[in-house]
Amino acid sequence: MKVPFLNLKTSYLELQPELDAAYQRVMKSGWYVLGQEVEAFEAEFAAYCGTQYCVGVGNGLEALHLILRAMDIGSGDEVIVPANTYIATWLAVSHAGAMPVPVEPDEHTYNIDPQRIEAAITPNTKAILAVHLYGQPADMDTINDIANRHQLKVIEDAAQAHGARYKGRRVGSLGDASGFSFYPGKNLGALGDGGAVTTNDSDLAHNIRLLSNYGSRVKYANEMKGFNSRLDELQAAFLREKLTRLDEWNSRRTRIANQYLKILSNSVDLTLPFVPAWADPVWHLFVVRYANRSGLMHHLHQAGIDTLVHYPVPPHLSDAYTELHLSRLPIAEQLAQSVLSLPISPHMTDAEGMSVIHAVQDAVPDRRSLIDSWITKPAIASSI
Ligand SMILES: *Cc1c(COP(=O)(O)O)cnc(C)c1O
């Protein structure tokens with residue numbers, strides 16, 4: 001059975017009547033930028049995340065960039081970022097004029113290792129930008145404790161984790177402000193680019209709103225040198241429809257993830273995702289580790305199963321950051337060599353999940369079959 005990594009057309013078809021109606025509604029309104037769809041989506045998404053404010057912006061990178069600007073973080077300042085993340089997390093810091101200071105990941109969760117944060121703090125550090133990578137919440141209580149001790153801001157990059165919970169609380173509400181992306185492939189995806197900031201800080205929300213709209217609240221009254229980074233009415237209308245399905249779609253991802261976790265746990269040398277007791281992840285990606293990654297990838301490809309690598313080059317090794325002359329980050333580099341993302345999406349069937357599992361089992365030795373070959377047959381026939 002062929003299993004695509006992600007099929008966005010299937011998610012459109014599942015919601016076609018609602019999305020087509022949303023399209024008609026916006027087209028016929030004659031109003032396409034900063035109107036009632038954006039306003040309604042902002043209220044609905046803030047309520048979903050459990051925050052007082054939400055500001056729609058152009059994309060996830062801009063959400064993070066504008067948060068840093070609104071916090072007055074820029075030239076001469078340092079921001080702690082995960083070494084293991086999508087490069088956009090770092091770019092937001094660079095575009096604000098500040099310096100990204102990487103911290104290695106925890107070897108089990110792949111998220112920033114809170115135990116290593118304090119060693120990276122200097123008198124110039126202004127904030128910790130934590131990422132909920134692959135849909136797994138970062139250890140926010142520990143991160144907030146460190147930030148409080150050193151009077152730092154805490155920013156969440158929640159671009160991969162819409163709806164995930166940490167100790168029962170939704171991501172997006174766990175720091176001073178959070179950036180979300182609605183890129184089509186994210187758990188809550190628009191049909192184009194989009195992003196948002198969530199926060200409980202009214203001044204910050206106000207400033208981000210100004211920054212996203214040329215620095216003005218009232219037309220031609222420009223209070224600061226702003227940008228143009230807004231969520232479109234059309235995308236907001238689509239997102240309102242998709243938000244009503246987010247929990248259901250996340251639980252379908254969880255169902256596939258649980259199937260993988262249960263059956264693949266016997267596979268020798270294949271490292272499965274680790275879920276801490278306090279985490280309710282939303283499985284943006286299902287990332288395994290395997291020493292012979294290219295062999296496994298090739299085998300799955302032959303079996304018709306698409307896989308991807310998130311991410312093959314850590315930001316500090318990318319050409320964009322050679323100028324910083326950062327030292328080696330062995331844990332992040334080792335992850336980049338061994339991680340492999342198996343297909344997972346709300347629209348995958350159990351049968352597709354099983355064919356992924358069977359193809360993995362074909363390539364990776366199974367503990368039971370190893371025991372089979374070690375021990376004489378009659379002895380184990382009764383024990384297993
Ligand atoms: C997707 C993503 C971003 C950037 O979001 P865009 O909307 O694509 O700009 C930032 N951080 C992480 C972790 C992401 O996955």
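The shown structure was predicted, so the numbers you read here are calculated from the model rather than taken from an experiment.

1. Quick word on the sheet that holds strand S10 (residues 279-280)
Remark on secondary structure: sheet strands pair via backbone hydrogen bonds, oriented parallel or antiparallel.
(1) Moving on: Strand order in the open sheet made by the three strands is S7-S6-S10, with antiparallel pairing throughout. One side of each edge strand has no neighbouring strand; the edge strands of this open sheet are strand S7 (169-170) and S10.
(2) Moving on: Pairing analysis gives two bridges linking strand S6 (residues 165-166) to S10, with the strands arranged antiparallel. Counted as the bridge partner of Arg165 is Asp280 from S10.

2. Section: the environment of Ser173
(1) Moving on: Its place among the elements puts Ser173 in the loop between S7 and strand S8 (177-181).
(2) Moving on: Sequence separation between Ser173 and Thr198 is 25 residues; the distance between their C-alpha atoms is 7.2 Å.
(3) Moving on: The contacts of Ser173, once residues within four sequence positions are left out, are Cys49, Gly50, Thr51, Glu156 and Ser178.
(4) Moving on: A distance of 2.6 Å separates the side chain of Ser173 from the backbone oxygen of Arg170, its partner in a polar contact.

3. Focus on the sheet that holds strand S9 (residues 195-199)
(1) Moving on: Ordered by their spatial adjacency, seven strands build an open sheet running S1-S9-S8-S5-S4-S2-S3, and the pairing between neighbours is mixed. On the outer flanks of this sheet lie strand S1 (53-57) and strand S3 (99-103), each paired with one strand and no other. Across the sheet, the mean angle from the axis of one strand to that of its neighbour is 25°, orientation sign disregarded.
(2) Moving on: Where strand S4 (residues 125-131) lies against strand S5 (residues 153-157), five bridges are found, and the strand directions are parallel. Counterpart to Ala127 in the pairing with S5 is Lys153.
(3) Moving on: Against the sheet, helix H4 (residues 60-70) contacts S1, strand S2 (78-82), S4, S5, S8 and S9, and its axis sits at roughly 160° relative to S8.
(4) Moving on: Relative to the sheet, helix H7 (residues 202-212) contacts S1, S8 and S9, its axis offset from that of S1 by approximately 15°.

4. As for the pairing of S3
(1) Moving on: Of all the five residues making up S3, four are buried; the element is thus mostly covered by neighbouring parts of the structure.
(2) Moving on: One crossover worth recording links S2 to the parallel S3 by way of helix H5 (residues 88-95), and it is right-handed.

5. Focus on the packing of aromatic side chains
(1) Moving on: What the rule picks out here adds up to 11 aromatic pairs.
(2) Moving on: When the centroid spacing of 5.5 Å and the interplanar angle of 15° are considered together, the rings of Phe41 and Phe45 count as stacked. Separated by four residues within a single helix, Phe41 and Phe45 lie in helix H3 (residues 36-49), roughly one turn from each other. Of the two residues examined, Phe41 and Phe45, each falls in the buried class.

6. Remarks on the site of the ligand
(1) Moving on: The full set of residues close to the ligand is Asn59, Gly60, Leu61, Tyr86, Ala88, Thr89, Val131, Asp157, Ala159, Gln160, Ser181 and Lys186.
(2) Moving on: Here Ser181 contributes a side-chain N or O atom positioned 2.6 Å from an oxygen atom of the ligand.
(3) Moving on: If you list the elements that add at least two residues to the shell around the ligand, you get H4 and H5.
(4) Moving on: For the shell around the ligand, the per-class residue count stands at five nonpolar, five polar and two charged.

7. Brief notes about a nonpolar patch on the surface
(1) Moving on: Together, Tyr23, Met27, Tyr32, Val33 and Leu34 make up a nonpolar patch on the protein surface, roughly 410 Å² of accessible area in all.
(2) Moving on: Take Tyr23: it is sitting in helix H2 (residues 16-29).

8. Digging into the packing of H4 against H7
(1) Moving on: Taken N-terminus to C-terminus, the directions of H4 and H7 make an angle of 120°; their axes are 9 Å apart at the nearest point. With respect to the hand of their crossing, H4 and H7 are arranged in right-handed fashion. Contacts between H4 and H7 involve Leu66, Ile67, Arg69 and Ala70 on the former and, on the latter, Leu204, Asn207, Ile208, Leu211 and Ser212.
(2) Moving on: Grouping the constituent residues of the contact of H4 with H7 by class yields six nonpolar, two polar and one charged.

9. Digging into unusual backbone geometry
(1) Moving on: Across the junction of His310 and Tyr311, the peptide omega takes the value 10°, indicating a cis bond.
(2) Moving on: Its location among the elements puts Tyr311 in the loop between helix H10 (293-302) and helix H11 (330-338).
(3) Moving on: Positive phi outside glycine occurs at Asp72, with the angle close to 65°.
(4) Moving on: Tracing the backbone through its elements, the reader meets Asp72 in the loop between H4 and S2.
(5) Moving on: In this model, Gln151 sits at a positive phi of 50°, which is unusual for a non-glycine residue.

Procedures and definitions
Residues numbered from 1 in each chain as written. Predicted model: local features only at pLDDT ≥ 70, side-chain atom pairs only at ≥ 80, totals over all residues. Heavy atoms only, no water. Pairing = 2+ DSSP bridges. Helix = DSSP H or I, 4+ residues; strand = E, 2+ residues; numbered from the N terminus. Contact = heavy atoms within 4.5 Å. Polar contact = N/O pair within 3.5 Å; in protein donor to acceptor, adjacent residues only side chain to side chain. Axes fitted to C-alpha atoms, helices over the stretch in contact; angles between N-to-C directions. Buried < 20%, exposed > 50% of the residue type's maximum accessible area, 1.4 Å probe, protein only. Right-handed = clockwise from strand over helix to strand, strands pointing away. Phe/Tyr/Trp six-rings, centres within 6.5 Å; stacked < 30°, edge-to-face > 60°. Near = heavy atom within 4 Å. Nonpolar A, V, L, I, M, F, W, Y, C, P; charged D, E, K, R; others polar. Patch = residues over 30% accessible without salt bridge, like charges linked within 9 Å, V, L, I, M, F, W, Y side chains within 5 Å. Areas by Shrake-Rupley, 256 points an atom, 1.4 Å probe, with all protein chains shown as cover. Salt bridge = Lys/Arg side-chain N within 4 Å of Asp/Glu carboxyl O. Left-handed = near helix turned anticlockwise from the far one by under 90°.

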